[in-house]
Amino acid sequence: MNLFNCKFNNTLFTNHLPPRHTSLYNPRATRFSVRFSSESTHRDKLAESLQSETLKLLEWPAVCRQLSAFTSTSMGFAAAQSALIPVGKTPEESGKLLSQTSAAVAVPRPLDFSGIEDVSPIVNASIAGGVLSIRELCSVKRTLGAARFLLQQLEEIASLSDFSGRYSPLKEILHNCDFLVELEQKIEFCIDCSFSAILDRASEDLEIIRSERKRNMENLESLLKQLSTQVFQGGGFDRPLVTKRRSRLCVAVRASHRSLLPNAVILDTSSSGSTYFMEPKEAVELNNMEVKLSSSERIEEQTILSLLTSEIAESNMKIKHLLDRILEIDLAFARAAHAQWIGGACPALSSRNCNNSQSELLSIDVEGIRHPLLLESSLRNLSTDVSPRSPVLDQGNGVMNFETKSRAHFPVPIDIKVGHGTKVVVISGPNTGGKTASMKTLGLASMMLKAGMYLPAQNQPRLPWFDLILADIGDQQSLEQSLSTFSGHISRLREILEVASRESLVLIDEIGSGTDPSEGVALSESILQYLKDRVNLAVITTHYADLTRLKEKDNRFETAATEFSLETLQPTYRILWGSKGESNALNIAKSMGFDERIIDRAVLWVNKLTPDKQQEQKGLLYRSLIEERDRLESQAMEAASLHSDIMKLYNEINKEAQDLEGREAAIKAKETHEIQQEVRTVKNEIHTIVEKFESQLRNASADEINPLVKKAESAIASIVEAHQPSKDFLFREIGQSRYTPQVGEQVYVKAFGNKLATVVEEPGDDDSILVQYGKIRVRVDKRSIRPIPPDASSSATVLKTQVQRIKSLRDLGSLAEAGKNQQDSYGPVLQTSKNTIDLRGLRVEDASHQLNMAIDSRAPNSVLFVIHGMGTGAVKESAHKLLRDHPRVVKFEQESPMNYGCTVAYIK
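Residues numbered from 1 in each chain as written. Predicted model: local features only at pLDDT ≥ 70, side-chain atom pairs only at ≥ 80, totals over all residues. Heavy atoms only, no water.

Draft legend 1. Quick look at the overall build of the protein. Assigned secondary structure in the protein consists of 26 helices and 27 strands. For the protein, the residues scored as buried account for 41% of the 908 residues in total. Contacts in the protein between residues at least 24 apart in sequence constitute 69% of all its contacts with a sequence separation of at least 6. Surface exposure of the protein reaches about 50500 Å², of which carbon and sulfur atoms provide 52%. (Helix = DSSP H or I, 4+ residues; strand = E, 2+ residues; numbered from the N terminus. Buried < 20%, exposed > 50% of the residue type's maximum accessible area, 1.4 Å probe, protein only. Contact = heavy atoms within 4.5 Å. Areas by Shrake-Rupley, 256 points an atom, 1.4 Å probe, with all protein chains shown as cover.)

Draft legend 2. Seen up close, the pairing of strand 19 (residues 746–749). Alternating residues of strand 19 divide into Val747 and Val749, all buried, and Gln746 and Tyr748, none buried. Examined bridge by bridge, strand 19 and strand 20 (residues 755–759) share four bridges and lie antiparallel to one another. Bridging from a neighbouring strand, Gln746 pairs with Thr758 of strand 20. The pairing of strand 19 with strand 23 (residues 785–787) spans three bridges and is classified as antiparallel. Looking across to strand 23, one finds that Tyr748 is bridged to Arg786. (Pairing = 2+ DSSP bridges.)

Draft legend 3. Quick look at the state of the cysteines. A complete count under the given rule lists one disulfide for this structure. The disulfide partner of Cys138 is Cys193, and the gap between their sulfur atoms is 2.2 Å. Of note, the bridge from Cys138 to Cys193 carries an S-S torsion of about -95 degrees and is left-handed in sense. Linking Cys138 in helix 6 (residues 134–160) with Cys193 in the loop between strand 1 (191–192) and strand 2 (197–198), this pair joins segments that are 55 residues apart in sequence. (Disulfide = S-S within 2.5 Å.)

Draft legend 4. Geometry of the side chain of Ser438. With respect to the helices, strands and loops of the structure, Ser438 is situated in helix 13 (residues 435–450). By relative accessible area, Ser438 is classed as buried at 9%.

Draft legend 5. Quick peek at the UniProt feature "coiled-coil region" (unreviewed entry) in the protein. Under the local residue numbering, the UniProt record ascribes the feature "coiled-coil region" (unreviewed entry) to residues 199–230 and 622–670. A helix fraction of 84% and a strand fraction of 0% characterise residues 199–230, whose end C-alpha atoms lie 38 Å from each other. (UniProt positions renumbered as here; feature names shortened; annotations may be inferred.)

Draft legend 6. Here's a closer look at the packing of helix 6 against helix 11 (residues 316–342). Between helix 6 and helix 11, the shortest axis-to-axis distance is 11 Å and the interhelical angle comes to 50 degrees. With respect to their mutual orientation, helix 6 and helix 11 come out oblique. You can see that helix 6 and helix 11 cross each other, and the crossing is left-handed. Where helix 6 abuts helix 11, its residues Val140, Thr143, Leu144, Ala147, Leu150 and Leu154 lie against Ile319, Leu322, Leu323, Ile326, Ile329 and Phe333. Across the contact of helix 6 with helix 11, the residue classes tally to 11 nonpolar, one polar and no charged. (Axes fitted to C-alpha atoms, helices over the stretch in contact; angles between N-to-C directions. Parallel < 35°, antiparallel > 145°, perpendicular 65-115°, else oblique. Left-handed = near helix turned anticlockwise from the far one by under 90°. Nonpolar A, V, L, I, M, F, W, Y, C, P; charged D, E, K, R; others polar.)

Draft legend 7. Here's a closer look at the confidence of the model for the protein. Looking at the protein as a whole, its pLDDT mean stands at 78, while 77% of the residues score no less than 70. Counting interchain partners and residues more than four positions distant, the pLDDT-below-50 stretch residues 727–731 has 10 contacts. (pLDDT = per-residue confidence, 0-100.)

Draft legend 8. Quick look at the sheet that holds strand 4 (residues 248–254). Reading across from one edge, 3-4-6-5 is the order of the four strands in this open sheet, with antiparallel pairing throughout. Strands with a single pairing partner mark the edges of an open sheet, and in this sheet they are strand 3 (242–245) and strand 5 (265–269). Mean inter-strand twist for the sheet, computed between neighbouring axes without regard to direction, equals 45 degrees. Strand direction decides the pairing type here: strand 5 and strand 6 (residues 275–279), joined by four bridges, are antiparallel. Bridging from a neighbouring strand, Thr269 pairs with Tyr276 of strand 6. In the packing of helix 9 (residues 204–233) onto the sheet, the strands contacted are strand 3 and strand 4, and the crossing angle to strand 4 comes to about 5 degrees. Along the sheet, helix 10 (residues 284–314) contacts strand 4 and strand 6; its crossing angle with strand 4, the most-contacted strand, is approximately 140 degrees.

Draft legend 9. Fine view of the packing of aromatic side chains. On inspection of all chains with the given rule, the structure shows two aromatic pairs. Between Phe70 and Trp341 the ring centres are 5.7 Å apart and the planes differ by 50 degrees, which places this aromatic pair in the tilted class. Residue Phe70 is found in the loop between helix 2 (60–68) and helix 3 (74–81), and its partner Trp341 is found in helix 11; the two are separated by 271 residues along the sequence. Here Phe70 and Trp341 have matching classes, each one buried. For the ring pair Phe113 and Phe333, a centre distance of 6.3 Å and an interplane angle of 75 degrees mean the geometry is edge-to-face. In this pair, Phe113 is assigned in the loop between helix 4 (91–106) and helix 5 (120–127) and Phe333 in helix 11, connecting sequence segments 220 residues apart. Under the relative-accessibility criterion, Phe113 is labelled buried at 5%. Taking the relative accessible area as the measure of exposure, Phe333 reaches 12% and is therefore buried. Across from the ring centre of Phe277, 4.1 Å away, lies the NZ or CZ of Arg245, which sits over that ring. (Phe/Tyr/Trp six-rings, centres within 6.5 Å; stacked < 30°, edge-to-face > 60°. Lys NZ or Arg CZ within 6 Å of the ring centre and 35° of its normal.)

Draft legend 10. Main features of the environment of Leu468. With respect to the helices and strands, Leu468 occurs in the loop between strand 13 (458–463) and strand 14 (469–472). Sequence separation of Leu468 and Val535 is 67 residues, and the distance between their C-alpha atoms is 9.9 Å.

Draft legend 11. View of the nonpolar core. Formed by 105 residues in total, the largest nonpolar core has its most connected members in Trp60, Leu170 and Ile191. Looking at which element gives the most residues to this core, the answer is helix 11, with 14 residues. The residue makeup of this core includes at least three contributed by each of domain 1 (53–202 + 303–345) and domain 3 (362–378 + 409–587). Those residues in contact with Leu170, other than ones at most four positions away along the chain, are Gln100, Ala103, Ala104, Val107, Leu154, Ile329, Ala332 and Phe333. With 25 residues, the next largest nonpolar core counts Leu50, Val426, Leu493 and Val499 among its residues. (Core = buried A, V, L, I, M, F, W, Y, C linked by side-chain atoms within 4.5 Å. Domains from an automatic or database assignment.)

Draft legend 12. Looking closely at the pairing of strand 12 (residues 424–428). Judged by how many residues are buried, strand 12 sits mostly within the fold: five of five residues are covered. Every second residue of strand 12 is oriented toward a common face, with Val424, Val426 and Ser428 on one face and Val425 and Ile427 on the other, all of them buried. Examined bridge by bridge, strand 12 and strand 16 (residues 537–542) share five bridges and lie parallel to one another. The partner of Val424 across the bridge, within strand 16, is Ala538.

Draft legend 13. Seen up close, the pattern of salt bridges. Under the counting rule described, the total for this entry stands at 27 salt bridges. For the salt bridge of Glu53 with Arg492, the shortest nitrogen-to-oxygen distance reads 2.5 Å. Here Arg492 lies in helix 14 (residues 485–499) and Glu53 lies in helix 1 (residues 38–57), a separation of 439 residues in the sequence. Look at Glu53 and you get partly exposed, because its relative accessible area is 35%. Ionic pairing is found between Glu367 and Lys417, a salt bridge with its closest N-O pair at 3.1 Å. Here the residue Glu367 occupies a position in strand 8 (residues 362–369), and Lys417 occupies one in strand 11 (residues 414–419), the gap between them amounting to 50 residues. Judged by its relative accessible area of 28%, Glu367 is partly exposed. (Salt bridge = Lys/Arg side-chain N within 4 Å of Asp/Glu carboxyl O.)

Draft legend 14. Main features of the environment of Ala79. Locating Ala79 in the fold gives a position in helix 3. For the pair formed by Ala79 and Ser68, sequence separation is 11 residues and the distance between their alpha carbons is 7.9 Å. Not counting the four nearest positions on each side in its chain, Ala79 is found in contact with Leu84, Ile85 and Leu327.

In structure tokens:
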């Protein structure tokens, strides 16, 4: 068998050894080696175990499940559901993931991931030695084509953008991938995936076998149809019937007529035994050939499938690498969609060293962050809008920010502010005040940054990169290991202290609890003193007041407190940085109706434990600071609102003022072009009328000259009337150049969208005028303002003068001169199609009716040209009688001394 001879130049199944791939984790290339001591190996395993447990405590898998809802492939969905999304192992890797997310957010439309399947089980099956089915081979083909289409989409989007560089992080993912176009072409050449069939061209032998089988089948069917017809004609069956039994074609015949097919082989009988399915002896050889060719075809098809399977097995490394890159692209777009859903802000990595700039004074600077899991239920209750913010790319730094459309009031946003040099933060406050939730929010925010995800915060949050995030949260009691609550905490703290490094984040909830308070305080202080020298940051929660005083002795300690409203006796879930929290237990107990004697005795005990009046002074100072903070926040909100209004107005004015001169020049050029085109049109129309008039004049008699002249004049007058400028245009064009506004006058200002403003100062030497619009005063160019048009009565004289001036500019002097001799109240007497009625050819009654309607429809102080002709004079006499008696007609006269067929009527 020679596959693909002359079909694919014997190159379709050429073996190509895959290039050597370097694993992402190379034991020989990393700093870990087999020579490490067993102690170091134990520490690594313990760190991995503690990190995994911490992620469960922080509910990181739930955040990943949030992300899975935005994936586009089955691979991405499975990875997110299993919390196996990529997390940066170095700050550089996390920065790369963030840049991919920002690039995906900037993509104007979602990518089409259709056709991509997780074919890794198929690839593994090919490696194991199995033969892939047609469906599995087509899945590989579709995935390869869809992967190549992904890159084409990204390149197309980048080519249409003015900032194509912003998409580079996404294009780089697929840039060096081998899309195995040759393998895709091989599968396409051999298999028709639309019908799940192997094509004849897949091999020369297959084409020959199928050709012979087709020819043999035609002969066999023709023979059996002929024999079944003879059986039918002989009464052997009620119709000719050819069917298949035991993979062989045969003829149906009644048992009583089996003699019609002598020497035939009975292959089967019906259930009743009345019908035999017989193979005639003439069809035995043809059936044998059909079975043989069918078997050969199956063998050849299996051979082709086996060869294609081997091609996939040889390219398994390339295919898996391509699948990994597709997964990377899918997760990048999932992170972008998740960022839009939560209204996220792109975090920035804070530098390790403190700089003098104000922005680098804080190691952690996060404003208004919400717990992502608490935010999920809030967003679902708020609306079904998937993208609560509109992305806007900052051209300067490439940071993607969002404008919030709507925000929920819960969860309460918190601020996290930790300065450089701070190593331990002690959070105190009442139970259910949000201490643990705030600590978890910080831990999740750190993980989201490492995974390249946006944070549900405001502005641009900034955090350091932590190599390990270790937490001791919740009850570590274990009956199975005979550990009490305190023992469980201590055991876990020992493990955390063993693996923590100088770049680790340690989160401890209720440190030192579950034992004697004095010993618990002593042990807790000792642990914190140990941590301050060995971790990047440790955040702990406590009810021990002594731990909040560590800040007074060492500036590497910082305090924070959860806010508690003394008015409502409810926590506000806000964090007050630099404050010491109080449990407020006595206030809460008093509000719950405890016996006052019990409360008073408890107060005495508190006073014994603290210096005189110190507790009262602390409370007063605390309340004073809270009131001052609330007042400043209220003022800040008012200032922000006023600033927002001013910026909106400024942007509106600035948008209108942009490129005024350029737009003015463009408008003038457009109007000039339109006027020139209109002039050419008028010239062409007048030239056509003149040519037609001259042509008719050559063949006209003396009596026909006057009608021809009047007709030409009337046509020209109609053209002049149709192209005459409007009154508003005349006033604007002629009066604008000489217009000088006065102080206190209201004018229209183009920069304000042609809105009214008041002139404050007279024009200066530079032709600029100070105007006031609302509460804002702006100096604008004199050319950008125009006056309020006066009413019709005050501008009538100006309009008449300008109309006459325009008409004098036309090459129609005779018509304009005739108009000047008329009474001023009627204006120029020019005949047009609108002020003319033609009564010729009408009966006297119809003519009178039409003339009466025309007079009634005319405007005051206008003229009406009545064309009645000469003829018998009946229509003329009737028209003159009606004009003489009509109350709206002031007078009427002959249109011209030479034209007896037209009368001009002057309407009141």
